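Analysis of the macromolecular model
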Amino acid sequence: MISRYTRPEMGRIWSEENRFRTWLKVEIAATETLAEAGIVPRAAAKAIRERADFKVDRIREIEAEVRHDVIAFTTAVAEFVGPESRWFHYGLTSNDVVDTAQALLIGEASSIIAADLRQLESILEKRAWEFKDTPMIGRTHGIHAEPITFGFKLANWYAEVQRDIERFDRAAEEMRVGKFSGAVGTFAHLSPELEAKMCARLEIKTATGSSQVIQRDRHANYLATLAVIACTLDKIATEIRHLQRTEVREAEEYFSEKQKGSSAMPHKRNPVTSEQISGLARVVRSNAQAGFENVALWHERDISHSSVERVILPDSTTLVDYILNKATNLIETMFVYPLRMKANLESTGGLVFSGQLLLDLVEHGVSREDAYRMVQSHAMRAWKEGLNFRELVAGDPNITSKVPARVIEKAFDLKRQLRNIDGIFAQVFKAKKGGKPAQRSGKKPRLSRTATKRPKQLRAS
């Protein structure tokens, strides 16, 4: 992963230094457990705990000769420990260490992503309530449909992020397992009881059944969950890109005074963050496919998955951390233009209320087929000739003779169309109807320090 898309803490987790430190943590936990069981001398365990260390450059040097990273690691550590190192890695196979340590590394990465998700959830909640009653046109197939509010759109994103949080918490918990079951998973040299104690020492669970490796369906599910999160962010970014189009201009990314959108066209204000999120989401989704391919290994284990995971696990967690942070800043700082939303909503002269008029005709005795034909004829004329749909309807005796004027008037009532927004918010946020967001237990995560605050004069009222 190139550093451009790596935030510092996630970069630290997947650094070579931290990977080997985590291997060492696993090795020491195993040795101390074996010492407590009387299998390894306590003096040797003490020496290993106090003297075990390594230099990354030395591990690389040894690996260049032996072409085995775990052997290079144990050899480099042995140089620090001395004679007692014969008890280091006792009874273990390489993947007892590698897979268990990987679970710990993924746990660290997952903690960051979980916090990122809750930051995004918090910002979406805040801005959804800010624009709960800001009307705009809803679109299907990119075409004006019926009115919604911008807060309603944000509330839908909020609900999806809540589902992402639930899915991710489950997937991360499923990855929180270790194994010390040996070369083919049969505990030929240790025992299930010792494995349980080693894992407990590391504060993880034991895998219920393993071969030489922890089974990769867990990893595939975890990567797929990251891909679904990336899909959510892509969805949000794509919508903002559409709303920022010149012809729409209902919302747009924050654009600073010193920012430049094009080397050739000084007027450009491009949705670069949204496009970056959409682009990187593609990488996360493609990595999930590689995770699926890793499930099928030969017999009790081959290493075809190993090289893949050295790329896809750091890359996917790093990218999801990065684009979650970008999406949170994007939502927090984006400019929203309610007047433009209103103008677009009204631009078709009431066409977007055709559905209600159709229902009113049906309720007053007109067949659905005839009602649809009557309404559509005026709608198509208004569309083609740029006329006012509401005025065309008011001048049609075939409609006015069947539907009272007050009913026709009400059909074009925006508040009527949006009368259930309060109820939707109550359902999404589990708050009292028309009330403020429900108070959540615990502290909300702090926003990223890199978030650019919207200038007060540009905040939508």
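Below is a summary of the structure that appears in this document. The shown structure was predicted, so the numbers you read here are calculated from the model rather than taken from an experiment.

Of the regular secondary structure elements, the protein holds 19 helices and six strands. Its C-alpha atoms give the protein a radius of gyration of 30 Å, more than 25% over the compact-globule value 23 Å for 461 residues. Along the three orthogonal principal directions, the C-alpha set of the protein runs to about 100 × 50 × 40 Å. Within the protein, contacts between residues at least 6 apart in sequence are counted, and of these 76% link residues at least 24 apart.

This model, assessed by the stated rule, comprises 17 aromatic pairs. With centroids separated by 5.9 Å and ring planes inclined at 70°, the aromatic side chains of F20 and F54 adopt a geometry described as edge-to-face. Here F20 is found in helix 2 (residues 16–36), whereas its partner F54 is found in the loop between helix 3 (42–51) and helix 4 (56–66), with 34 residues between them in sequence. F54 shares its class with F20; the two are buried. Here W23 and F73 contribute two aromatic rings whose centre-to-centre distance is 5.3 Å and whose plane-to-plane angle is 85°, an arrangement assigned as edge-to-face. Of this pair, W23 sits in helix 2 while F73 sits in helix 5 (residues 69–81), placing them 50 residues apart in sequence. An identical accessibility class is assigned to W23 and F73; each is buried. Ring pairs connect the aromatic residues F20, W23, F54, F73 and F88, which therefore count as one cluster. Here R19 stacks its cationic end above the ring of F20, 4.7 Å away from the centre of that ring. One residue, R21, lies across the ring of F54, its end atom 4.0 Å from the ring centre.

The residue E130 is located in helix 6 (residues 94–130) in this model. Put simply, E130 and G151 are 21 residues apart on the chain and 6.9 Å apart in space, counted from C-alpha to C-alpha. Looking at E130, its side chain comes within polar contact range of the side chain of R127, at 3.0 Å.

Within the secondary structure, S110 is located in helix 6. Separated by 2.7 Å, the side chains of S110 and Y222 make a polar contact. Apart from the residues lying within four places of it in its own chain, the contact partners of S110 are F168, A172 and Y222.

Taken N-terminus to C-terminus, the directions of helix 6 and helix 9 (residues 217–243) make an angle of 20°; their axes are 13 Å apart at the nearest point. By the angle class used here, helix 6 and helix 9 are roughly parallel. Two packed elements cross with a definite hand, and for helix 6 against helix 9 that hand is left-handed. Contacts between helix 6 and helix 9 involve Q102, I106, S110, I113, L117 and L120 on the former and, on the latter, H219, Y222, L226, I229 and L233. Grouping the constituent residues of the contact of helix 6 with helix 9 by class yields eight nonpolar, three polar and no charged.

Turning our eyes to something else, we now look at the pattern of salt bridges. Under the definition given, this model contains 36 salt bridges. Between R7 and D321 there is a salt bridge, and its shortest N-O distance comes to 2.9 Å. With R7 in the segment before helix 1 (8–13) and D321 in helix 11 (residues 304–333), this pair connects stretches of sequence that are 314 residues apart. Given the relative accessible area of 1%, D321 is considered buried. Linking R60 and D57 is a salt bridge whose minimum nitrogen-to-oxygen distance equals 3.2 Å. Of this pair, R60 and D57 both sit in helix 4, separated by three residues, roughly a single helical turn. Look at D57 and you get exposed, because its relative accessible area is 56%. Taken together, the shared-partner salt bridges in this structure form one network comprising E16, R19, D57 and R60.

For the rest of this paragraph, the subject is the packing of helix 7 (residues 150–174) against helix 9. Contact geometry for helix 7 and helix 9: axes closest at 9 Å, N-to-C directions at 165°. Classified by the angle their axes make, helix 7 and helix 9 are roughly antiparallel. The crossing of helix 7 and helix 9 is left-handed. Each residue belonging to the contact of helix 7 with helix 9 can be placed in one class, and the counts come to 13 nonpolar, three polar and eight charged.

Positive phi, normally seen in glycine, also occurs at F187, with a value near 55°. Note on placement: F187 falls in the loop between strand 3 (177–178) and helix 8 (192–201).

Moving on to the environment of H242. Along the chain, H242 falls in helix 9. The spatial distance from the C-alpha of H242 to the C-alpha of K410 is 31 Å, given a sequence separation of 168 residues.

Considering the arrangement of structural elements, one finds F150 in helix 7. Judged by its relative accessible area of 0%, F150 is buried. Between the alpha carbons of F150 and E250 there is a distance of 9.5 Å; along the sequence they are 100 residues apart. In contact with F150, not counting residues within four places along its chain, are F131, T134, M136, L243, A251, M334, V336 and M341.

Calculation rules
Residues numbered from 1 in each chain as written. Predicted model: local features only at pLDDT ≥ 70, side-chain atom pairs only at ≥ 80, totals over all residues. Heavy atoms only, no water. Helix = DSSP H or I, 4+ residues; strand = E, 2+ residues; numbered from the N terminus. Rg over C-alpha atoms; globule rule 2.2 N^0.38 Å. Contact = heavy atoms within 4.5 Å. Phe/Tyr/Trp six-rings, centres within 6.5 Å; stacked < 30°, edge-to-face > 60°. Buried < 20%, exposed > 50% of the residue type's maximum accessible area, 1.4 Å probe, protein only. Lys NZ or Arg CZ within 6 Å of the ring centre and 35° of its normal. Polar contact = N/O pair within 3.5 Å; in protein donor to acceptor, adjacent residues only side chain to side chain. Axes fitted to C-alpha atoms, helices over the stretch in contact; angles between N-to-C directions. Parallel < 35°, antiparallel > 145°, perpendicular 65-115°, else oblique. Left-handed = near helix turned anticlockwise from the far one by under 90°. Nonpolar A, V, L, I, M, F, W, Y, C, P; charged D, E, K, R; others polar. Salt bridge = Lys/Arg side-chain N within 4 Å of Asp/Glu carboxyl O.

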